[in-house]
Amino acid sequence: MPLVNAKEMLTKAKEGHYAVGQFNINNLEWTKSILLTAQELQSPVILGVSEGAGKYMCGYKTIVGMVNGMLEELGITVPVALHLDHGSYEGAKACIEAGFSSIMFDGSHYPIEENVAKTKELVAICEDKGLSIEAEVGSIGGEEDGVVGAGECADPEECKMVADLGVTMLAAGIGNIHGKYPENWAGLSFETLDAIQQLTGAMPLVLHGGTGIPADMIKKAISLGVSKINVNTECQLSFAEATRKYIEEGKDLQGKGFDPRKLLAPGAEAIKATVKEKMELFGSVGKA
Ligand code: 13P
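Figured I'd write up the structure that's included with this text. Note that the structure is a prediction, hence the values are computed from the model and not measured.

## Here we look at the overall build of the chain
Helix and strand counts for the chain stand at 12 helices and 10 strands. The C-alpha radius of gyration of the chain comes to 18 Å, within 12% of the 19 Å expected for a compact globule of 288 residues. Here the chain holds 288 residues, and 58% of them are scored as buried. Pairs at least 24 residues apart make up 71% of the contacts formed inside the chain by residues separated by at least 6 positions. For the chain, the computed accessible surface area is about 12,600 Å², with 54% contributed by carbon and sulfur atoms. Charge centroids of the chain, computed over 25 positive and 39 negative side chains, lie 7 Å from each other.

Below is the structure:
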């Protein structure tokens with residue numbers, strides 16, 4: 001199945017009280033592991049690409065070519081969206097050109113009026129081209145590609161203002177952060193989430209920083225309208241741990257163990273296991 005935008009899968013998720021995972025990709029192994037797991041579990045999936053990962057993988061066109069090739073060669077039949085993660089205004093336009101099926105415009109660092117103006121312009125372009133668009137209000141904490149946010153809670157009224165622009169989905173800060181959560185993390189603000197969902201109604205809400213959020217908080221967030229959950233760091237940690245084990249056991253020194261197809265295999269399997277665990281937790285298994 002060719003790439004689809006994220007609208008239908010997220011509308012269904014919101015109605016069905018589950019969430020679709022966005023798993024960020026970093027290279028071919030990542031992409032293949034995520035797609036094969038989604039297919040095996042019959043789950044819809046969103047492949048996330050940050051601007052930094054986009055540069056690393058030789059640009060958006062390279063990524064579109066790789067993903068489209070895999071969908072065909074691996075016989076993927078579940079819905080797959082290719083989504084720009086935390087895009088700048090220029091990055092969003094470049095991804096639309098390159099053939100992504102979904103973009104996020106992160107204008108959360110602009111004053112709200114400027115965030116609204118830029119989001120509105122991109123909504124019109126995405127509508128015209130049949131793409132889905134995610135907007136952000138209230139910055140997500142932690143560091144991602146050098147952008148550091150404090151993990152603030154979004155203003156529900158501002159969320160309503162941005163939701164009304166016709167975006168497909170809305171990321172709102174509710175105390176979540178990217179990367180590992182610190183020991184003294186206060187947890188998600190369900191009060192904020194509840195207020196946002198009451199004002200934004202059927203709009204699918206997005207939870208960033210999915211790594212390390214306890215299962216009960218994930219379930220509660222889904223019950224309060226979260227329909228898309230982003231996971232990046234957790235796949236990186238699983239990949240690194242499995243690769244470390246392979247090398248520490250000296251397997252790269254045995255026979256042809258240095259062959260990248262062998263060396264990267266345990267990491268690729270570890271990503272599959274993490275993606276499976278998340279899809280089961282989010283409730284998207286069998287919803288393709
Ligand atoms: P984590 O790296 O914390 O899983 O966050 C991913 C994310 O929100 C991508 O936008």
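## Concerning unusual backbone geometry
Not every positive phi belongs to a glycine, and Q42 is a case in point at roughly 50 degrees. Tracing the backbone through its elements, the reader meets Q42 in the loop between α2 (28–41) and β2 (45–50). For Q42, a relative accessible area of 35% translates into the label partly exposed.

## Structural notes on the site of the ligand
The environment of the ligand is made up of 14 residues, and the closest members are D85, G179, G209, T211 and T233. One of the backbone N or O atoms of G209 is found 2.7 Å from an oxygen atom in the ligand. Note that an oxygen atom of the ligand is positioned 2.5 Å from one of the side-chain N or O atoms of T211. Of all the elements in the fold, those that place two or more residues in the shell around the ligand are β3 (80–87) and β10 (226–231). Split by residue class, the shell around the ligand holds 1 nonpolar, 11 polar and 2 charged.

## Overview of the packing of helix α4 (residues 60–73) against helix α5 (residues 89–98)
Two numbers describe a pair of packed helices, the interaxial angle and the distance between the axes. Remark: α4 packs on α5, axes separated minimally by 9 Å, with the N-to-C direction vectors making an angle of 40 degrees. Classified by the angle between their axes, α4 and α5 sit oblique to one another. As α4 runs across α5, the sense of the crossing is right-handed. Where α4 abuts α5, its residues Y60, K61 and V64 lie against G91, A94, C95 and A98. Its residues assigned to classes, the contact of α4 with α5 comprises 5 nonpolar, 1 polar and 1 charged.

## Details of the packing of α2 against α4
At a closest axis distance of 11 Å, the pairing of α2 and α4 adopts a crossing angle of 35 degrees. Every pair of crossing elements has a handedness; the one defined by α2 and α4 is right-handed. Side by side, α2 and α4 meet where L28, T31, K32 and L35 of the first sit next to M66, V67, M70 and L71 of the second. Among the residues making up the contact of α2 with α4, the classes are represented as 6 nonpolar, 1 polar and 1 charged.

## Let's talk about the packing of aromatic side chains
Between two aromatic rings, the relevant description is the distance of the centres plus the angle of the planes. Summed over the entire model, instances satisfying the criterion amount to 5 aromatic pairs. Here the aromatic rings of W30 and F239 are separated by 4.7 Å at their centres, their planes lie at 45 degrees, and the arrangement is tilted. With W30 in helix α2 and F239 in helix α10 (residues 233–248), this residue pair connects regions lying 209 residues apart in the sequence. W30 sits in the buried class, given a relative accessible area of 5%. A centroid spacing of 6.4 Å and a plane angle of 80 degrees characterise the contact between Y89 and F105, whose relative ring orientation is edge-to-face. Placement of the pair is Y89 in helix α5 and F105 in strand β4 (residues 102–105), with a sequence separation of 16 residues. Assigned by exposure class, Y89 and F105 land together as buried. One aromatic cluster in this structure is built from Y89, F105 and Y110. The cationic tip of K118 hangs over the ring face of Y89; the distance from NZ or CZ to the ring centre is 5.9 Å.

## Some details on α4
Helix length check: α4, at 14 residues, gives a terminal C-alpha distance of 20 Å against a target of 20 Å (1.5 Å per residue), a fit within 8%. Residues of α4 that are buried include every one of Y60, I63, V64, M66, V67, M70 and L71, and no others. Axial view of α4: buried residues confined to an arc of 165 degrees, hence all on one face. Turned more than 90 degrees off the buried face of α4, the exposed positions are K61, E72 and E73. Just past α4, the residue G75 takes up positive phi, approximately 65 degrees.

What counts and what doesn't
- Residues numbered from 1 in each chain as written.
- Predicted model: local features only at pLDDT ≥ 70, side-chain atom pairs only at ≥ 80, totals over all residues.
- Heavy atoms only, no water.
- Helix = DSSP H or I, 4+ residues; strand = E, 2+ residues; numbered from the N terminus.
- Rg over C-alpha atoms; globule rule 2.2 N^0.38 Å.
- Buried < 20%, exposed > 50% of the residue type's maximum accessible area, 1.4 Å probe, protein only.
- Contact = heavy atoms within 4.5 Å.
- Areas by Shrake-Rupley, 256 points an atom, 1.4 Å probe, with all protein chains shown as cover.
- Lys, Arg positive; Asp, Glu negative; His and termini not counted.
- Charge placed at Lys NZ, Arg CZ, Asp CG, Glu CD.
- Near = heavy atom within 4 Å.
- Polar contact = N/O pair within 3.5 Å; in protein donor to acceptor, adjacent residues only side chain to side chain.
- Nonpolar A, V, L, I, M, F, W, Y, C, P; charged D, E, K, R; others polar.
- Axes fitted to C-alpha atoms, helices over the stretch in contact; angles between N-to-C directions.
- Parallel < 35°, antiparallel > 145°, perpendicular 65-115°, else oblique.
- Left-handed = near helix turned anticlockwise from the far one by under 90°.
- Phe/Tyr/Trp six-rings, centres within 6.5 Å; stacked < 30°, edge-to-face > 60°.
- Lys NZ or Arg CZ within 6 Å of the ring centre and 35° of its normal.
- Expected span 1.5 Å × (residues − 1).
- Arc of directions from axis to C-beta.

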